[in-house]
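# Secondary and tertiary structure notes
Listed below, chain by chain, are the residues.
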Amino acid sequence: MKFIVRGGKKLEGEIVLGGAKNAATKMLVASLLTSEPMVLHNTPNIGDVAITQELCELVGSSITRDNNTVTVHTPEIKNTRVLSLSRKNRIPVLALGPLLARTGEAEIPLLGGDKIGPRPIDMHLTALEEMGAIIEKRDSSYYAHAPHGLKGVKIQLRYPSVGATENIILAATLAKGRTVIENAATEPEIIDLVKMLQNMGAIIELGANRTIYIDGVRSLRGGEHTILPDRNEAASFASLAVATRGDVFVRNAKQDHLITFLNALRKVGGEYKVENTGIRFWRGKNLTSIELETDTHPGFMTDWQQPFTLLLTQAKGSSILHETVYEDRFGHVGELNIMGADIHVFSKCLGEIACRFNGKNHQHSILVNGPTPLKGISLTIKDLRAGMAHLIATLIAEGESTVDNIEELDRGYENIDTRLQNLGADIIRA
Ligand code: EPU
């Protein structure tokens, strides 16, 4: 499927945030930890949630959806091997922790790299091994079992990985004894997962210095949880409002999830007003160049840099963006340059501090010269956030664009075309 977009419209009006993709998928998997029903409100109807639901159903869950409320009930785990998924993606790795915790066994497909880099899972595997799992790499899968159950241990992560932190938390809730995660990730989606697990009966403490303590319990119960709003959608829509010289109220956007983003936006020339029910975004003045570096929370998120790049293409001067979370997340730049942008990619760390990719020849910094008008294009989306950058580019470009492989966007943004049409965008799904 594709979008036909005619650029040049100012986007104006109100858009409502969906529940966070990167919390919803983990929470569906976390529901496997209890035999009782778990009700998840504000669950977005997106591709990644559909894939996770398929995974849960394969394991033995029955799942119903009523608008954005999803109920997952897994009275018994019927299948610990999740190899026959119709679409392969990275979500099955998150089932390792809960399946091992609940049944002592799990088998997941081997995960390759994707469009944003090799994406290893070594920290997930090592941590689970330290907790007592024996993990075998087979031809097309990882097979894990824990003959003596999982036990609490101290785990020091070499980097605050979101997925590894979540996998360990999920495994540790039902493990024997106390698990300590040092150098843990602390993204708001993780805190929301902790809140859900706490409500299910888990004992989890958030300590100082990125330390999380989990005291294992014998069982967890079901319950209800409302998923936090998607801050990646918020950053995308804010960038869209400022890039198109529009004025958009993003309902349910939360200031405390976006503090670093709001600072960067104001520095570049975007404006915002925080209200009780959301945040209004518009262009305050002519955009000016800035230097920016992505980081783990509370830094500037790696998922924000792609839509934000469009603001840099429209800003006067030379901007620098240093990506320190993923080694290969500037795949969107080639098409932007064809559209008229002036972006140069570097393997050097163009930031104040050299990051862990220094000297490794990864293309992980960009220099953006602006402002540059953009022209319509035919392009194929390769990755979700790159796709959002491309979509914003086509919305500010002169003329018509064709955006192919929009299934990538549907993975993370619910009904994006209809929601943008409501803001005045000229976009058609074909
Ligand atoms: N890493 C390792 N070994 C591991 C795990 C991670 O080297 O065992 C490295 C990764 O290669 C990467 C870095 O650590 O360089 C950070 O990866 P992390 O594990 O934190 O990311 P993730 O859990 O795979 C989640 C989101 C991403 C988001 C990142 C960073 C989900 C499903 N995905 O990925 O979201 O960019 O955290 O916040 O939650 C997206 O939504 O489009 C997306 C890619």
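Source: prediction; values computed, not measured.

Quick notes on the rules
- Residues numbered from 1 in each chain as written.
- Predicted model: local features only at pLDDT ≥ 70, side-chain atom pairs only at ≥ 80, totals over all residues.
- Heavy atoms only, no water.
- Domains from an automatic or database assignment.
- Contact = heavy atoms within 4.5 Å.
- Buried area = accessible area lost by both parts, 1.4 Å probe.
- Salt bridge = Lys/Arg side-chain N within 4 Å of Asp/Glu carboxyl O.
- Polar contact = N/O pair within 3.5 Å; in protein donor to acceptor, adjacent residues only side chain to side chain.
- Helix = DSSP H or I, 4+ residues; strand = E, 2+ residues; numbered from the N terminus.
- Expected span 1.5 Å × (residues − 1).
- Buried < 20%, exposed > 50% of the residue type's maximum accessible area, 1.4 Å probe, protein only.
- Axes fitted to C-alpha atoms, helices over the stretch in contact; angles between N-to-C directions.
- Parallel < 35°, antiparallel > 145°, perpendicular 65-115°, else oblique.
- Left-handed = near helix turned anticlockwise from the far one by under 90°.
- Nonpolar A, V, L, I, M, F, W, Y, C, P; charged D, E, K, R; others polar.
- Near = heavy atom within 4 Å.
- Areas by Shrake-Rupley, 256 points an atom, 1.4 Å probe, with all protein chains shown as cover.

On to the domain arrangement of the protein, then. Split by domain assignment, the protein resolves into domain 1 (2-18 + 229-429) and domain 2 (21-226). With centres defined by C-alpha atoms, the gap from domain 1 to domain 2 works out at 30 Å. Facing 24 residues of domain 1, the contacting portion of domain 2 comprises 21 residues. Counting the surface lost from both domain 1 and domain 2, the interface buries some 1900 Å², and carbon and sulfur atoms represent 49% of this. When the buried surface of domain 1 facing domain 2 is broken down by residue, His-297, Arg-411 and Glu-414 rank first, second and third, together holding 29% of it. For the interface between domain 1 and domain 2, the tally reads two salt bridges. One salt bridge in this structure joins Arg-411 and Asp-48, with 3.0 Å as the shortest N-O distance. At the boundary of domain 1 with domain 2, the tally comes to nine residue pairs in polar contact (both at pLDDT 80 or more).

With that settled, consider helix α6 (residues 188-199). For α6, which comprises twelve residues, the first-to-last C-alpha distance of 17 Å matches the rise-based estimate of 16 Å (1.5 Å per residue) to within 8%. Considering only its buried residues, α6 is in contact with α1 (21-30), β3 (38-41), α5 (162-173), β11 (203-206), β13 (223-226) and α7 (231-243). Directly after α6, the chain includes Gly-201, whose backbone phi takes a positive value near 110°.

The terminal C-alpha atoms of α7, which comprises 13 residues, lie 18 Å apart, in line with the 18 Å expected from a rise of 1.5 Å per residue. The buried fraction of α7 amounts to 13 of the 13 residues, a majority that puts the element mostly inside the structure. The opening residue of α7, the one whose side-chain oxygen lies 2.8 Å from the backbone nitrogen of Asn-232, is Asp-230. Directly beyond the C-terminal end of α7, a positive phi value near 60° is found at Arg-245.

Contact geometry of α7 with helix α11 (residues 384-396) gives a least axis separation of 10 Å together with a crossing angle of 20°. Comparing the axis directions of α7 and α11 gives the class roughly parallel. Both α7 and α11 take part in a crossing whose hand is right-handed. On α11, the residues that touch Asn-232, Ser-236, Ser-239, Leu-240 and Ala-243 of α7 are Arg-385, Met-388, Ile-392, Leu-395 and Ile-396. A breakdown of the residues in the contact of α7 with α11 according to their chemical character gives six nonpolar, three polar and one charged.

Further remarks concern the site of the ligand. The environment of the ligand is made up of 25 residues, and the closest members are Lys-26, Met-123, Ser-161, Val-162 and Val-325. Note that an oxygen atom of the ligand is positioned 3.0 Å from one of the side-chain N or O atoms of Arg-119. At 2.8 Å from an oxygen atom of the ligand is found a main-chain nitrogen or oxygen belonging to Met-123. Here the ligand loses 90% of its free accessible area of 830 Å² to cover by the protein chains. Only α1, α4 (122-130), α5 and α11 provide two or more residues apiece to the shell around the ligand. Considered class by class, the residues forming the shell around the ligand number ten nonpolar, five polar and ten charged.

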